[in-house]
Every structure is written in structure tokens, then in C-alpha cells.
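What the coordinates show
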Amino acid sequence: MLRLARLSIESWEALALDIFRYQAAHNTVYARFLQLLGCQVARVSAPEDIPFLPIGLFRRYLLKSGHWRPQDVFISSGTTGQQPSRHAVRDRSFYLENARRGFAQHYGDPSQWCLLALLPSYLERKGSSLVAMAEYFSRLSPYSESGFFLRNDEALAHTLQRCQQQQIPVLLLGVSFALLDFAERHPMPLSGVVVMETGGMKGRREEMTREALHEVLCRAFQLSGVHSEYGMTELFSQAYSQPRPGRTARFSPAITLRAAATEVYDPLSRAEPGRVGVLCFMDLANIDTCSFIATEDVGRVYADGTFEVLGRLDAAEWRGCNLLVE
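All of these numbers come straight from a predicted model, not from anything done at the bench.

A few words on the packing of aromatic side chains. Per the stated rule, a full pass over the model turns up 18 aromatic pairs. Geometrically, the ring pair formed by Phe103 and Phe137 is tilted, given 5.2 Å between the ring centres and 55° between the ring planes. Linking Phe103 in helix H5 (residues 92-107) with Phe137 in helix H7 (residues 129-140), this pair joins segments that are 34 residues apart in sequence. Taking 5.8 Å as the distance between ring centres and 85° as the angle between the ring planes, the aromatic pair formed by Phe103 and Tyr240 counts as edge-to-face. Here Phe103 is found in helix H5, whereas its partner Tyr240 is found in strand E9 (residues 239-241), with 137 residues between them in sequence. Overall, Phe103 belongs to the buried group, its relative accessible area being 2%. Classification of Tyr240 as buried rests on a relative accessible area of 2%. Put simply, the rings of Phe103, Tyr107, Tyr136, Phe137 and Tyr240 touch in pairs and so form one group of aromatic residues. When the ring centre of Trp68 is taken as origin, the NZ or CZ atom of Lys64, which lies over that ring, is 5.4 Å away. Directly above the ring of Trp12 sits Arg258, whose terminal nitrogen or CZ lies 4.1 Å from the centroid.

Now for the confidence of the model for the protein chain. Considering every residue of the protein chain, the mean pLDDT works out to 91; 92% of them sit at 70 or more. Below pLDDT 50 for its whole length, residues 316-326 participates in 21 contacts with residues either more than four positions away or in separate chains.

Calculation criteria
Residues numbered from 1 in each chain as written. Predicted model: local features only at pLDDT ≥ 70, side-chain atom pairs only at ≥ 80, totals over all residues. Heavy atoms only, no water. Phe/Tyr/Trp six-rings, centres within 6.5 Å; stacked < 30°, edge-to-face > 60°. Helix = DSSP H or I, 4+ residues; strand = E, 2+ residues; numbered from the N terminus. Buried < 20%, exposed > 50% of the residue type's maximum accessible area, 1.4 Å probe, protein only. Lys NZ or Arg CZ within 6 Å of the ring centre and 35° of its normal. pLDDT = per-residue confidence, 0-100. Contact = heavy atoms within 4.5 Å.

Structure representation (C-alpha cells):
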């Protein structure tokens, strides 16, 4: 864990390989997966050669590297009829501090912000890693206005106005459908406020592209751009996208996180930079579970390490990845 705190671009690859070898030896599910692939661990000499575990296995197993008792378990929201993902947490404070460092890379320390969290679908269930992160950031804030707003739109609107009048730096963090609901009921100028969406309609509204979502929010709040957070139950690290007027949102990952893409119909082949593929991540903060994950998102990864999220795989496209573990 100390190596993660001191992580640099120069030390990243060596640590990734060390974690891969550790997890290949001490994570029974990942070890079996590598065995089925015919992967010879000793011959893997670069992060680019590390196989990615299909993310669906977080729905079937409580993955752990080594023997330890979870302090907590993060649980995904999932979709109707689908088994949620579970991510064992060895040390909750480690997750929170890693999230803090990742946020600070892009926005400064969370203690500098007043965080107003609009996360109703997450607050209504237990085990949300996003709620844990937002709650921690709120505790770090010196502003009494920081906190969660479940169904009280009026209180949120008044708080936003008061913070603007007092020139308090505000981060409004919200799940997409809740931000849209709030924008419809309380359109107002939010100059100086960082509005950040976390994606997902969670079955509450019709799905829409990120560009269309941002256009609606910008119009309602008279903003030039909207920020985005990319995270998931299976990752301990996050990525953030800052506005690029007229251009598709690109996410910049925390230093502990690297994105890659594999070919949609050949999950063992890496996609070239800028080519559409299945998004995969190496999250070194997942040292106690599994750091090498193939998601069910489609996107592009660029040579500079940034990435775009374009959508989700459908069942036919994902079948090629599932065959690896059937």
C-alpha cells in the first residue's frame, strides 16, 4: 500500500507486474482463469500482456487475493433480474484515501469543496462505493452546507443559491436521472458551480447519450460544460472528464488506474489506440481483489491514456468474452 501512495509514472509498470504475479498466485478465480487461457505467468513481462478477467465474475464470486476477512462489501445497483456485483473491501480507509488522491489529481483536495450530492438511487440501497466516497468527501469539507439531498429539491436549490451568494466553491455531484429531474424542476444559473454527473438512468428515465445529457444540463443551468465521473463497484479508482466544448468527453484516470481496449470479437487482442473496443482497466488499488478487469463498456482508449465511453456491449457481442469462462 505504501508503494501505491508513492506511485509514479516511472514505477507504474513494475508495480503492475508485481501485483499481477501476486494475484496469479493468490487469487483462486483469477489463477483458474489464467490456467484456462494457457497463460504462462512467468513469461508475462509487460503490462500489455496481462489478461483481463471478465467483470461478470464479480457477480459470481467474492474475489480475494490472499486470505483475509472483508471489512466491508461494495454492491452494485445492477439491473432488474441480474445478480449484482460484489467487491470485497479489506480496508475501507484505503479505498477512501485512494479516491481522495484520485480526485485531488484533477480538482484539488476534496477538503477545498462544498459537496452537494444528489444520489437518490444509491442512497436507497446499502453497499454503494459512490455513496461511501461522497460521504467521505463531505466529512472533509469545511462547509456546513455539504451533504446529501435525497428528495428535497427545494432545499438543494436554496443551498446552491446561498453558496453562490457567498462565493463558496461548490461541486454538485449527481446521478444522471436525478440531475435531469432537478434541472426540469429548478432551472437556474449555476455559474461557478462544478456540475458533475456519474452516469446512469438506473431505469428511472429513458437512456440518452452523454452529449445529449450535457446539452440539457448546460441549457438548464446556463453552463458552458458539465463534468463527469467514471467509476464502478469493481474498481477502487475513478476517472474524471472535464468539459471540452464541441468535443466528446474524454476521461482522465487516476494515477492508480490505466485503461486499455480489446477487440470486441477477440477479447485476447488489444485494440489500437483510438479504435473502438471493449474497455478494460488495470486498477492497482484493487491489490487485494483483482486489478485486471474487462468491463462490459465499449469505448476508445487514446495514446495519452485518456478514454471515451461510447455505450454497452449487447449480449451477442459479449458472448465471445463469456466463452473464456464457460
